[in-house]
Amino acid sequence: MLKQLITRGSFQINADVSSSGEWLPCLITIKVIKNSENKVESFVVSINDKTQAIKLKQLRFEANHDALTHLANRQNAHQTLLKYQQSNTPVYILFLDLDGFKAVNDTYGHQCGDDLLKIIAQRLKNSVSKDDLVARLAGDEFLLAFTLTDDEEKTHNHIHTVLNRILDTINQPIIINHCKPVISASIGVYYWKADENVSVKAALNKADKAMYCAKVSGKNRYHIA
C-alpha cells in the first residue's frame, strides 16, 4: 500500500470505522503532500461515511426488485420494456406461469412454495444472459425479455432452442427439505418488433394470452403469438 501511495500520490480503501461503539462503512482516502523539492512532506487522510450511500442503494434495490427472489419486480420490468421500445429494439417477451404450483403449497406448505420460487428464479437467470430481463410479476408468474441476434431468421430459429432449454431446466428434479415438488411451466411468447406500434401494456397482454394458449393446450409447453 505504501509503495502504491508514494507512486500514485493517493490511495483509497473501503473499511469499517468504529464510531461510538458502532462500526460504519467508510471510504478512506490518503493523499501525499510533497514540498518544492518533490519530497514527501506529509499525508492527508480523509474519511467519508458511506452509510447513507449504502442505504440509498439498498432502498433503490428494494424498490425495483422482488423481496423473495431478488428478481426485477413488475415496475422494473415495465421500465425495462419501455427502454426497449424507446430505443427501437426488437425483443422477445416471455410470460411464464408455473404448472402445479398451487398443489405444492397445498401439499408441502407455503415455505416450500417460497423456496421453490427461489430455485426457479435462479434457474431462469441461468437459462439466459446476465443482461437479459428476468422478473417476477406476482405469485408464480415470471417475465423474461431479451434480444437474440441481428439476423431475424436466425433469431426466430434460436428462440425455440432457448424456450426448450427453459422448459427442460424447470423440469429438472427439485428436492426441498426431503420434499420433491413436481412442477412444469407454460410459456407465452410475443416477438415485439422494433417498428411495431404496440404499447408495453399491449405487448404484455399478447404474451399473457399466448401463455394461456400454452396452458389450455396441455401445459409444460410454449406458445408463440
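Caption draft 1: Geometry of helix H3 (residues 74-86). If you check H3, its first and last C-alpha atoms are 18 Å apart, about what 13 residues at 1.5 Å a residue would give, namely 18 Å. Buried within H3 are the following residues: Asn-76, Ala-77, Leu-81 and Tyr-84. Looking straight down H3, one finds its buried side chains confined to an arc of 135 degrees; they lie on one side. Set apart from the buried face of H3 by more than 90 degrees, the exposed residues are Lys-83 and Gln-86.

Caption draft 2: Inspection of the state of the cysteines at higher detail. Taken as a whole and assessed by the stated rule, the structure comprises zero disulfides. Cys-179 carries a free sulfur, and the closest cysteine sulfur to it, the one in Cys-112, is 5.1 Å from it. Classification of Cys-179 by relative accessible area gives partly exposed; the value is 22%.

Caption draft 3: Representation of the environment of Asn-88. For Asn-88, the position within the fold is in the loop between H3 and strand S4 (91-99). Taking C-alpha positions, Asn-88 is 6.8 Å from Asp-195, a pair spaced 107 residues apart along the chain.

Caption draft 4: View of unusual backbone geometry. With a phi angle near 65 degrees, Asn-38 is a residue other than glycine that sits in the positive phi range. Structurally, the position occupied by Asn-38 is in the loop between strand S2 (22-34) and strand S3 (40-49). Although it is not a glycine, His-178 sits at a positive phi angle of roughly 70 degrees. Note on placement: His-178 falls in the loop between helix H6 (152-171) and strand S7 (184-192). Accessibility expressed as a relative area gives 79% for His-178, which makes it exposed.

Caption draft 5: Geometry of the environment of Leu-27. Looking at the secondary structure, you find Leu-27 in strand S2. For Leu-27, a relative accessible area of 22% puts it in the partly exposed group. For Leu-27 and Cys-179, which are 152 residues apart along the polypeptide, the C-alpha to C-alpha distance reads 46 Å. In contact with Leu-27, other than residues within four places in its own chain, are Gln-12, Ile-13, Asn-14, Ser-46, Ile-47, Asn-48 and Lys-50.

Caption draft 6: A look at the packing of aromatic side chains. Summed over all chains, the structure comprises one aromatic pair. Relative to Tyr-191, the ring of Tyr-92 has its centre 4.6 Å away and its plane inclined at 40 degrees; by these criteria the two rings are tilted. Taken as a pair, Tyr-92 in strand S4 and Tyr-191 in strand S7 lie far apart in primary sequence, 99 residues in all. Residue classification places Tyr-92 among the buried residues on the basis of a relative accessible area of 2%.

Caption draft 7: Seen up close, the sheet that holds strand S8 (residues 221-224). Pairing in this open sheet of five strands is mixed, and the strands run S5-S6-S4-S7-S8 from one edge to the other. Two strands bound the open sheet, and with one partner strand each, they are strand S5 (133-138) and S8. Ignoring which end each strand starts from, the neighbouring axes of this sheet average 20 degrees apart. In the sheet, S4 pairs with strand S6 (residues 141-146) via six bridges, with the strands oriented antiparallel. The residue bridging Leu-96 from the neighbouring strand is Phe-142, located in S6. Of the strands in this sheet, S4, S5 and S6 touch helix H5 (residues 110-127), which is tilted by about 10 degrees from S6.

Conventions we followed
- Residues numbered from 1 in each chain as written.
- Predicted model: local features only at pLDDT ≥ 70, side-chain atom pairs only at ≥ 80, totals over all residues.
- Heavy atoms only, no water.
- Helix = DSSP H or I, 4+ residues; strand = E, 2+ residues; numbered from the N terminus.
- Expected span 1.5 Å × (residues − 1).
- Buried < 20%, exposed > 50% of the residue type's maximum accessible area, 1.4 Å probe, protein only.
- Arc of directions from axis to C-beta.
- Disulfide = S-S within 2.5 Å.
- Contact = heavy atoms within 4.5 Å.
- Phe/Tyr/Trp six-rings, centres within 6.5 Å; stacked < 30°, edge-to-face > 60°.
- Pairing = 2+ DSSP bridges.
- Axes fitted to C-alpha atoms, helices over the stretch in contact; angles between N-to-C directions.

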